[in-house]
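# Descriptive structure summary
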Amino acid sequence: MRFFDCHCDTVLRCYQKGGHLADSAGHWSLDKIKDFTGAAQFFACFGEPEDMPGRALWEVFQEEAALLRREIALSRDRIALCTTADALEAAWEEGKAAAFLSAEGAELLDCDIEKLRLAHQMGVRAVNLTWNHANVLSGTNVEEPDRGLSGQGKDFVAEMNRLGVLVDVSHLSDPGFWDVVSITRAPIIASHSNSRSCHFHTRNLTDEQFTAIIGLNGAVGLNVCPEFLGESADLDTLRGHLEHFLDLGGEDTVALGGDWDGVSRLPQGMEDITGWAVFYGHLRDHGYRETLLDKLFYKNLVRVVREVCTM
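Heads up: these notes are all about the structure in this document. Position numbers for residues start from 1 in each chain and track the written sequence from start to end. Given that this is a predicted model, residues contribute local features only at a pLDDT of at least 70 and side-chain atom pairs are listed and counted only at 80 or more, while totals for whole chains, interfaces and linings are drawn from all residues. Computation of side-chain values covers all heavy atoms of the structure but excludes hydrogens and water.

## Here we look at helix α7 (residues 207–215)
Looking only at α7, the buried set comprises Gln209, Phe210, Ala212 and Ile213. Seen from one end, α7 has its buried residues packed into an arc of 155°, which puts them on one side. Exposed side of α7, more than 90 degrees from the buried face: Glu208 and Gly215 are the residues found there. Against α6 (174–183), β7 (189–190), β8 (219–222), α9 (235–247) and β9 (254–256) lie the buried residues of α7. Type-normalised accessible area, obtained with a 1.4 Å probe on protein chains alone, sets the label of each residue: buried when under 20%, exposed when over 50%, and partly exposed for intermediate values. Where helices and strands are cited, they refer to DSSP runs of H or I of at least four residues and of E of at least two residues respectively, numbered from the N terminus. By arc we mean the arc of the directions from the helix axis to the C-beta atoms, nothing more. Note on contacts: a residue pair is in contact if any heavy atoms of the two residues lie within 4.5 Å.

Written out as structure tokens, the structure reads:
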């Protein structure tokens, strides 16, 4: 089987704890994906001031992006850095995994449009407008949750559209979400968010938000973090979120966004990135047809990347 996952924090893990992408002891490594017939992953650069006191986040971002490039160079026969859907397909044809670069929180780019352009030149193809901390672009689901996009935030979204960078609304405040929906000229993603109807958490999407992403031809990545799934999280719990999204008409919208290496525990039945193979089998055993599974596990996100990330 193949997969294309919207979000992991493996670069941060390697940056803070050492180790290599090839054989990392965390949730994601090239060794762990060796049995997939095709693998693609958005690798997020991330840093928060609490963990990196005195560090400029723009410098942290550049160092993490450079780290990913070094790791890809060390395993160039197994993985390739990609910026388009065509590049992804070329990597798969060569038997390689496809790596995409993202930034989790525009504060890594100082919320600056010129640095957004530089990040795009470095290969970034998705940016979360916020992480949990409010910034000059918008409030978040945690801080200043009633504040939407500022004028600067709206300009930032417009430039992301122009560049072909995916606007990622995971972590964003609800008013910020609706501001994005009202102004974006391209599909958006919620890279790692589940259903608020299935489990109430402000990091999850309301039915109305999910439906809005459908209307924009975007994608929503299922998150395996138990905090966003509900009590006693397991494969059935994750399937419940998926089935609710499907009931809302999300067959062409649901994708994967595991949050690998960004969570301290996983649902029962999952140990690491190979959990996607376990979940695939779980869904197949519950009657999911292969054509639907292919959409959920990679085709939906490939379609969005193809439409938005054209350079």
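Continuing now.
## Re the packing of aromatic side chains
For this analysis, a ring pair means two rings from Phe, Tyr or Trp (six-membered ring only for Trp) whose centres lie within 6.5 Å, classed as stacked if their planes differ by under 30 degrees, edge-to-face if by over 60, and tilted for the remaining angles. Tallied over the full model, the rule gives 15 aromatic pairs. Aromatic pair tyrosine 280 and phenylalanine 297: ring centres 5.1 Å apart, planes at 75°, arrangement edge-to-face. You can see tyrosine 280 sitting in helix α10 (residues 275–285) and its partner phenylalanine 297 sitting in helix α11 (residues 290–308), a full 17 residues away along the chain. Residue tyrosine 280 is classed as buried on the basis of its relative accessible area of 10%. According to the relative accessible area criterion, phenylalanine 297 is buried, its value standing at 1%. An aromatic cluster is built from Trp260, Trp276, Phe279, Tyr280 and Phe297, whose rings are joined through pairwise contacts. For the cation-ring pair, arginine 203 lies above phenylalanine 228, with the distance from its terminal atom to the ring centre recorded as 4.8 Å. For a lysine, the NZ atom is tested; for an arginine, the CZ atom; a charge sits over a ring if that atom is within 6 Å of the ring centre and within 35 degrees of the ring normal.

## Digging into empty space enclosed by the protein
With a 1 Å grid laid over protein atoms only, a set of points is called a cavity when a 1.4 Å probe fits there but cannot get out and a pocket when it is open yet has protein on both sides within 12 Å along at least five of seven lines; lining residues have an atom within 4 Å of a point. Grid points are joined across faces, edges and corners, and a volume is the space filled by probe spheres set on the points. Under the criterion given, the structure shown has 2 cavities of 30 Å³ or more. A volume near 80 Å³ is recorded for the largest cavity. Around the largest cavity, the lining is made up of 15 residues, and of these Val169, Leu172, Thr202, Arg203 and Leu205 lie nearest the centre. Gly counts as polar in this scheme, as do all residues outside two lists: the nonpolar Ala, Val, Leu, Ile, Met, Phe, Trp, Tyr, Cys and Pro, and the charged Asp, Glu, Lys and Arg. Of the residues that constitute the lining of the largest cavity, the class distribution is 4 nonpolar, 8 polar and 3 charged. Every residue along the wall of the second largest cavity is listed here: Cys6, His7, Ser102, Ala126, Val127, Asn128, Asp168, Ile189 and Ser191. Those elements giving two or more residues to the lining of the second largest cavity turn out to be β1 (2–8) and β5 (124–128).

By themselves, these observations are geometric and do not establish any function.
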